[in-house]
Amino acid sequence: MTAAAPGTAPVATPATAPVTAAITVFGTGTGAPLAPDAEAVLAAAGLVVGGRRHLDAVRAWLPEAAEEVVLGPLAPALDAVERCVRKQAPVVVLASGDPGFFGIVRALAERFGAAALDVRPGVSSVAAAFARQGLTWDDAVVVSAHGRELRTAVNVCRARPKVAVLTGPGAGPAELGAALARTAPSRVLVVASALGDPARERVERVSPAEAAERDWGTAVSVVLCLDAAREVAPVRTIGGGAAVGVAQWGLDESEFAHRDSMITKFEVRALALARLGPRLGDLVWDVGAGSGSVAVECARLGAAVSAVEKTADGVERVRANAVAHGVDVQVVHGSAPAALDQLDDPDAVFVGGGGRELPAVVTACARRARRAVVVAMAALDRVPAARAALVEAGFACDGVLLQSSRLAPLPGDVTRLAATNPVFLLWGVRPSTPGGSEGVAQ
């Protein structure tokens with residue numbers, strides 16, 4: 001409302017006008033005390049919104065005339081806040097931890113404008129959980145699985161050594177553990193429940209398999225997923241998961257161990273990466289991985305990666321290259337398409353090589369890829385079948401013939417052009433694919 005002259009009725013503002021009434025948001029519930037003036041602010045409130053336990057904790061401070069709304073579905077609570085704001089009555093919202101961190105501040109700011117909010121943050125469940133473990137979290141990635149697909153959280157946990165997962169119904173420690181037991185069994189899960197409650201707080205370190213076998217109840221505050229060998233990291237200048245925002249991709253072949261130059265050349269790899277679009281929260285398959293150069297580069301760009309390789313020496317080479325570049329890659333020893341059955345559905349797939357089984361491999365990949373399939377081939381004869389497999393799977397298909405010449409020295413301090421072998425690169429993109437990985441903070 002706009003301010004009214006003395007003796008006149010207040011004038012309603014348009015719905016798009018900024019709200020000026022104060023909404024005070026207190027973070028509570030993780031052991032830290034409320035702000036020093038919390039009692040006085042609550043005593044003057046016309047409406048108090050919060051979870052049942054939060055309201056019970058401050059009941060002695062609430063005025064008898066104050067309306068109370070127990071948080072459940074968000075929309076009715078926001079409507080109640082709006083009614084109170086329009087009467088210019090003070091509103092207090094009680095939330096868990098830091099309400100500006102994956103919390104109610106976002107919804108309040110969208111509805112009423114940030115200028116209407118007075119936020120007094122508490123200690124977030126993420127900060128409290130890491131503190132209980134004696135760990136810093138400036139190098140952690142935080143991902144929310146509350147009301148979102150669990151697969152994004154699983155992929156982030158596979159790709160990063162230190163992750164905090166905000167859980168929700170159907171996406172708790174048991175479900176996260178079951179997924180990681182198959183793909184990253186060496187991870188350690190720290191399940192923090194009822195943080196800040198002296199009588200009920202529990203913080204337990206378990207394996208993914210152990211987590212999958214438990215009923216954790218409804219008191220889980222947050223789950224940490226750790227690579228025990230890397231949970232203590234060097235000091236950082238910029239927060240967020242390691243290797244996010246790499247400075248270079250399309251790395252030179254000399255950056256990888258490979259056999260007899262059997263490696264995707266950097267010119268081809270750079271374009272393949274552009275079409276794959278690997279990012280944090282994604283899962284990428286590298287099928288026919290060879291040296292694993294594409295797998296490693298996708299992992300460096302933030303994706304979880306499964307590399308499929310049929311030769312035993314190739315499997316060891318992929319693992320060695322992943323270790324050399326400090327990334328996690330799940331390496332599967334087997335032949336496609338049969339070996340793909342054990343893998344989770346990917347966002348994008350790179351298919352290298354070009355044997356007789358290529359059309360069947362591309363078909364199998366296209367049936368399960370959520371966004372894109374990229375195929376590299378040296379043999380002209382394989383191109384029509386690979387393209388047909390992508391088109392028949394409903395992908396929009398395009399491609400190029402890449403034929404580059406590199407600078408090469410000659411005697412006499414002169415330079416020539418040395419041609420590399422031509423490679424066909426096809427890519428199929430599924431129409432109307434969703435963009436972005438929601439719920440991830442770095």
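Predicted, not measured: the structure shown is a model, and the values here were computed from it. (Residues numbered from 1 in each chain as written. Predicted model: local features only at pLDDT ≥ 70, side-chain atom pairs only at ≥ 80, totals over all residues. Heavy atoms only, no water.)

### Some details on the overall build of the protein
- Across its full length, the protein holds 13 helices and 20 strands.
- Once the C-alpha set of the protein is aligned to its principal axes, its extents read approximately 90 × 50 × 50 Å.
- For the protein, with 442 residues in total, the buried portion stands at 47%.
- Taking all contacts inside the protein whose residues are at least 6 apart in sequence as the whole, residues at least 24 apart take part in 65%.
- Put simply, the protein shows about 20800 Å² of open surface, and 54% of that area lies on carbon and sulfur atoms.
- Positive and negative side-chain charges of the protein, numbering 42 and 45 respectively, have mean locations separated by a distance of 3 Å. (Helix = DSSP H or I, 4+ residues; strand = E, 2+ residues; numbered from the N terminus. Buried < 20%, exposed > 50% of the residue type's maximum accessible area, 1.4 Å probe, protein only. Contact = heavy atoms within 4.5 Å. Areas by Shrake-Rupley, 256 points an atom, 1.4 Å probe, with all protein chains shown as cover. Lys, Arg positive; Asp, Glu negative; His and termini not counted. Charge placed at Lys NZ, Arg CZ, Asp CG, Glu CD.)

### A short note on the sheet that holds strand S2 (residues 47–50)
- Spatial ordering of the open sheet is given by S3-S2-S4-S1-S5, a layout of five strands whose pairing is parallel. A strand with exactly one partner marks an edge of an open sheet, and here the two such strands are strand S3 (67–70) and strand S5 (117–120). In this sheet, neighbouring strand axes are inclined to one another by 15 degrees on average, regardless of whether the strands run parallel or antiparallel.
- For S2 and strand S4 (residues 91–96), the ladder comprises three bridges, and the chain directions are parallel. In the sheet register, Val49 faces S4, and the bridge partner there is Val93.
- The strands touched by helix H3 (residues 74–86) within the sheet are strand S1 (23–28), S2, S3 and S4, with S2 carrying the most contacts at an inclination of about 160 degrees. (Pairing = 2+ DSSP bridges. Axes fitted to C-alpha atoms, helices over the stretch in contact; angles between N-to-C directions.)

### Some points on helix H4 (residues 104–112)
- Along H4, the positions that sit buried rather than exposed are Ile104, Val105, Ala107, Leu108 and Phe112. Buried positions in H4, seen along its axis, are confined to an arc of 165 degrees and lie on one side of it. For H4, the exposed residues set more than 90 degrees away from the buried face come down to Arg106 and Glu110.
- Looking one or two residues beyond H4, the residue adopting positive phi is Gly113, at roughly 90 degrees. (Arc of directions from axis to C-beta.)

### Thoughts on the packing of helix H12 (residues 358–368) against helix H13 (residues 383–392)
- Following both chains from N to C, one finds H12 and H13 inclined at 20 degrees, their axes separated by 9 Å at the closest point. As far as their axial angle goes, H13 and H12 are roughly parallel. H12 and H13 meet at a crossing whose hand is right-handed. Residue-level contacts link Leu358, Pro359, Val362, Thr363 and Ala366 of H12 to Ala385, Ala386, Ala389 and Leu390 of H13. (Parallel < 35°, antiparallel > 145°, perpendicular 65-115°, else oblique. Left-handed = near helix turned anticlockwise from the far one by under 90°.)

### Notes on the sheet that holds strand S11 (residues 283–287)
- Pairing is mixed in the open sheet, where seven strands are placed in the order S13-S12-S11-S14-S15-S19-S16. Of all strands in the sheet, those with a lone pairing partner are strand S13 (330–333) and strand S16 (396–402), marking the two edges. Across this sheet, the average inter-strand angle for adjacent strands is 15 degrees, counted without regard to direction.
- Relative to strand S19 (residues 423–429), S16 runs antiparallel, the two being bridged by seven bridges. Each bridged residue has a counterpart across the sheet, and for Ala396 the counterpart in S19 is Val429.
- Across the face of the sheet, helix H6 (residues 150–159) comes into contact with S11, strand S12 (304–309) and S13 while running at roughly 75 degrees to S12.
- Lying over the sheet, H12 contacts S11, strand S14 (348–351) and strand S15 (372–377), oriented at roughly 160 degrees with respect to S15.

### Brief notes about the side chain of Ser306
- Note on placement: Ser306 falls in strand S12.
- Among the polar contacts listed, one links the side chain of Ser306 to the side chain of Arg158, at a separation of 2.9 Å.
- For Ser306, the side chain forms a polar contact with the side chain of Gln330, separated by 2.6 Å.
- With residues near it in sequence (within four places) discarded, Ser306 still touches Arg158, Leu283, Val284, Trp285, Asp286, Gln330 and Leu343. (Polar contact = N/O pair within 3.5 Å; in protein donor to acceptor, adjacent residues only side chain to side chain.)

### Focus on the pattern of salt bridges
- Using the criterion set out here, one finds 31 salt bridges in the structure.
- Among the salt bridges present, the one from Asp282 reaches Arg279, with a minimum N-O distance of 3.1 Å.
- The buried category is assigned to Asp282, whose relative accessible area is 2%.
- The exposure class assigned to Arg279 is partly exposed, which follows from its relative accessible area of 27%.
- The network of salt bridges with shared partners includes Asp79, Glu82, Arg86 and Arg111. (Salt bridge = Lys/Arg side-chain N within 4 Å of Asp/Glu carboxyl O.)

### Regarding the packing of aromatic side chains
- Inspection of the entire model under this criterion finds three aromatic pairs.
- Here Phe101 and Trp137 contribute two aromatic rings whose centre-to-centre distance is 6.0 Å and whose plane-to-plane angle is 70 degrees, an arrangement assigned as edge-to-face. Of the two residues, Phe101 is situated in the loop between S4 and H4 and Trp137 in the loop between helix H5 (125–132) and strand S6 (141–144); the sequence distance between them amounts to 36 residues.
- Relative accessible area serves as the criterion here: at 24%, Phe101 is assigned to the partly exposed category.
- The partly exposed category is assigned to Trp137, whose relative accessible area is 32%.
- Aromatic side chains Phe130 and Trp137 sit 6.4 Å apart centroid to centroid with 0 degrees between the ring planes, which places their arrangement in the stacked category. (Phe/Tyr/Trp six-rings, centres within 6.5 Å; stacked < 30°, edge-to-face > 60°.)

### As for the pairing of S6
- Across the two faces of S6 the burial is the same, with Val141 and Val143 and Val142 and Ser144 all buried.
- Here S6 pairs with strand S7 (residues 162–166) via four bridges, running parallel. Bridge pairing in S7 places Val142 opposite Ala164.
- Note on the crossover from S6 through H6 to S7: the handedness is right-handed. (Right-handed = clockwise from strand over helix to strand, strands pointing away.)

### Overview of helix H9 (residues 266–276)
- Along H9, the positions that sit buried rather than exposed are Val268, Arg269, Ala272, Leu273 and Leu276. The arc enclosing the buried residues of H9, seen along the axis, measures out at 135 degrees, which places them on a common side.

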